[in-house]
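Structural description and commentary
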Amino acid sequence: MDLFRLRDDLPRAILDGYVFPLGIVPAPGLVPRQGWSMNWTTGEGELGDCCTFHVVQSLDRLAVLLDAFFLLLPERGLYGILELGSRDAYRAVDVYIGDDGMDRDRFMEIWRLYEPIFLEDAGLAVGVNAEDPFIELFLDPDKGLLVHVDPCLQEDVRSILLGQDVQEVSAVGYELEDHELDRIGIRPVLVQADGLICDVDQLLQDLKYEWHLALNEDPTTNIDGRGRRIGRTLWHAVVILDTDSGDLVREAHATIWGTATSRSEMEELIELRLQRETPWRMQEIYVLDRAAFDDRPVELDALPPLPELSSIHLVQIDPLDGARPPGGAPRHG
């Protein structure tokens, strides 16, 4: 968190006593309705019945409310969740889910570290779930809290809400039609400055490592946001490279463009291609997204819209200034 910093030049919006996150610019007179409501979801197949509580509270009450719900989580077997806007040309939102269970203490350690960003950034949604009994806590981009639980836990949830003096209402949140949602403004909350790793890409990398997050997609297929197969597409990647000269390790960013029929195929193509870039060696794929054909760089103007073969078309390596000792922390900014 030392390398992330919230902006201090943003006026905090407060309307009718409701404190908004820094990342939200509300429309005049538009205040979400506070309280809680509950809906049932009937299970199908292997999925059991579920109670979903939707809770909306002013930001100044939200952290305490979350703390109360965190006590419902089991001591182990937790899976983090992160949703954020996607730069992928074929979907609007990237969903990351933990693929390895972790202890509650570890989850909470990382949550505490990044909680100021989670609460203030309207471009992020974040949560956690566990099974047996099922429970999921999910903070949506508007900072409404969704509590999904097995029916056996519904009275525990009601007890927490009562203890936090949250009132039951018929519906919570904004009373808006879909076409009116653009009345709510979204703005960045992280400081952009030299010496700070201040982009969402780095935050994502940190959370992927700490919570064992993986993109919620089948890496062997290529489908769009509606589930349609789209075949071979153009991909853009940024890869972290390093080279060990003995006393110091130098690093570089590789910008790569290629076409492939799936994420896994593109990753294989990248790895094979970079094996030829002596003395550089691949450290990790930092960014990998599908790109619209019209967004290709000028160097690929001659590329046909539908290449017949999967291939790497362009590799550009940019060494980073300076070096670090072996075993030192890599610099991704």
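That block above? That's the structure.
Each chain carries its own residue numbering, running from 1 in the written order of its sequence. Reporting in this predicted model follows two pLDDT cut-offs: at least 70 for local features of residues, and 80 or more for side-chain atom pairs to be given and counted; totals over whole chains, interfaces and linings ignore these cut-offs and use all residues. Based on all heavy atoms of the structure, the side-chain values leave hydrogens and waters out of the count.

Looking only at helices and strands, one finds five helices and 16 strands in the protein chain. Overall, the protein chain is about 65 × 45 × 45 Å in size when its C-alpha atoms are taken along their principal axes. For every residue, the accessible area obtained with a 1.4 Å probe (protein chains only) is divided by the maximum for its type, and the residue is called buried under 20%, exposed over 50%, and partly exposed between those limits. Put simply, the protein chain has 333 residues, and 47% of those count as buried. Per-residue accessibility takes into account occlusion by the displayed protein chains alone, with areas from the Shrake-Rupley method and a 1.4 Å probe. Carbon and sulfur atoms provide 49% of the accessible area of the protein chain, an area that totals close to 17500 Å². Helix numbering and strand numbering both begin at the N terminus, where a helix is a DSSP run of H or I of at least 4 residues and a strand a DSSP run of E of at least 2.

What follows covers the pattern of salt bridges. Between side chains of opposite charge, pairing is possible as soon as their charged atoms come close. Only one rule defines a salt bridge in this text: a Lys or Arg side-chain nitrogen within 4 Å of an Asp or Glu carboxyl oxygen. Enumeration according to the criterion identifies 14 salt bridges in this entry. Note that Arg112 and Asp67 form a salt bridge whose closest N and O atoms lie 2.8 Å from each other. You can see Arg112 sitting in helix α2 (residues 104-120) and its partner Asp67 sitting in helix α1 (residues 59-70), a full 45 residues away along the chain. Between Asp224 and Arg228 there is a salt bridge, with its nearest N and O atoms 2.7 Å apart. The exposure class assigned to Asp224 is buried, which follows from its relative accessible area of 11%. Residue Arg228 is classed as partly exposed on the basis of its relative accessible area, which comes to 47%. Salt bridges sharing partners connect three or more residues here, namely Arg91, Asp94, Glu217 and Arg263.

Glancing now at the sheet that holds strand β16 (residues 311-319). Strand pairing in a sheet relies on backbone hydrogen bonds. The paired strands run either parallel or antiparallel. What the four strands build is an open sheet, ordered β15-β13-β14-β16; its pairing is antiparallel. If you trace the sheet from one side to the other, it starts and ends with β15 (281-291) and β16, each paired once. Averaged over all adjacent pairs, the angle separating strand axes in this sheet is 20°, with direction ignored. Criterion used throughout: strands pair if DSSP finds at least two bridges between them. All axes are obtained by fitting lines to C-alpha atoms, using only the stretch in contact for helices, and the reported angles, taken between N-to-C directions, cover 0 to 180 degrees.

So, about the nonpolar core. Throughout, nonpolar core names a set of buried Ala, Val, Leu, Ile, Met, Phe, Trp, Tyr and Cys residues whose side chains join them through atoms within 4.5 Å. Within the largest apolar cluster, 53 residues are counted, with the highest numbers of intra-cluster contacts made by Phe53, Phe107 and Trp211. The leading source of residues in this core is α2, at eight residues. Contacts are assigned to residue pairs with any non-hydrogen atoms lying within 4.5 Å of each other. In this structure Phe107 touches Phe70, Leu73, Leu78, Met102, Gly127, Val128 and Trp211, once residues within four positions along its chain are discounted.

Another point: the environment of Glu217. Within the secondary structure layout, Glu217 lies in the loop between β12 (213-215) and β13 (233-244). Glu217 sits in the partly exposed class, given a relative accessible area of 27%. C-alpha of Glu217 to C-alpha of Tyr96: the two residues are 121 residues apart in sequence and 8.8 Å apart in space. Contacts of Glu217, omitting those with residues within four sequence positions, involve Arg91 and Arg263.

Our next topic: helix α5 (residues 263-274). Relative to the 16 Å expected for twelve residues at 1.5 Å per residue, α5 spans 17 Å between its end C-alpha atoms, a close match to the ideal helical length. Every buried residue of α5 is accounted for by Arg263, Ser264, Met266, Leu269, Ile270 and Leu274. In this analysis, the expected span of each helix is defined as 1.5 Å times one less than the number of residues it contains.

For Asp140, the position within the fold is in the loop between β9 (135-139) and β10 (145-149). Working convention for charge: Lys and Arg count positive, Asp and Glu count negative, and His plus the chain ends are omitted. Of the buried charged residues, Asp140 lacks a salt bridge, with Lys143 as the closest side chain of opposite charge at 6.6 Å. Pairs of N or O atoms within 3.5 Å make up the polar contacts considered here, provided that, within protein, one atom can donate a hydrogen while the other can accept it, and that residues adjacent in sequence are counted only when both atoms are side-chain atoms. Looking at Asp140, its side chain comes within polar contact range of the main-chain nitrogen of Gly144, at 2.7 Å. Leave out the neighbours within four places in its chain, and Asp140 touches His54, Leu124 and Ala125.

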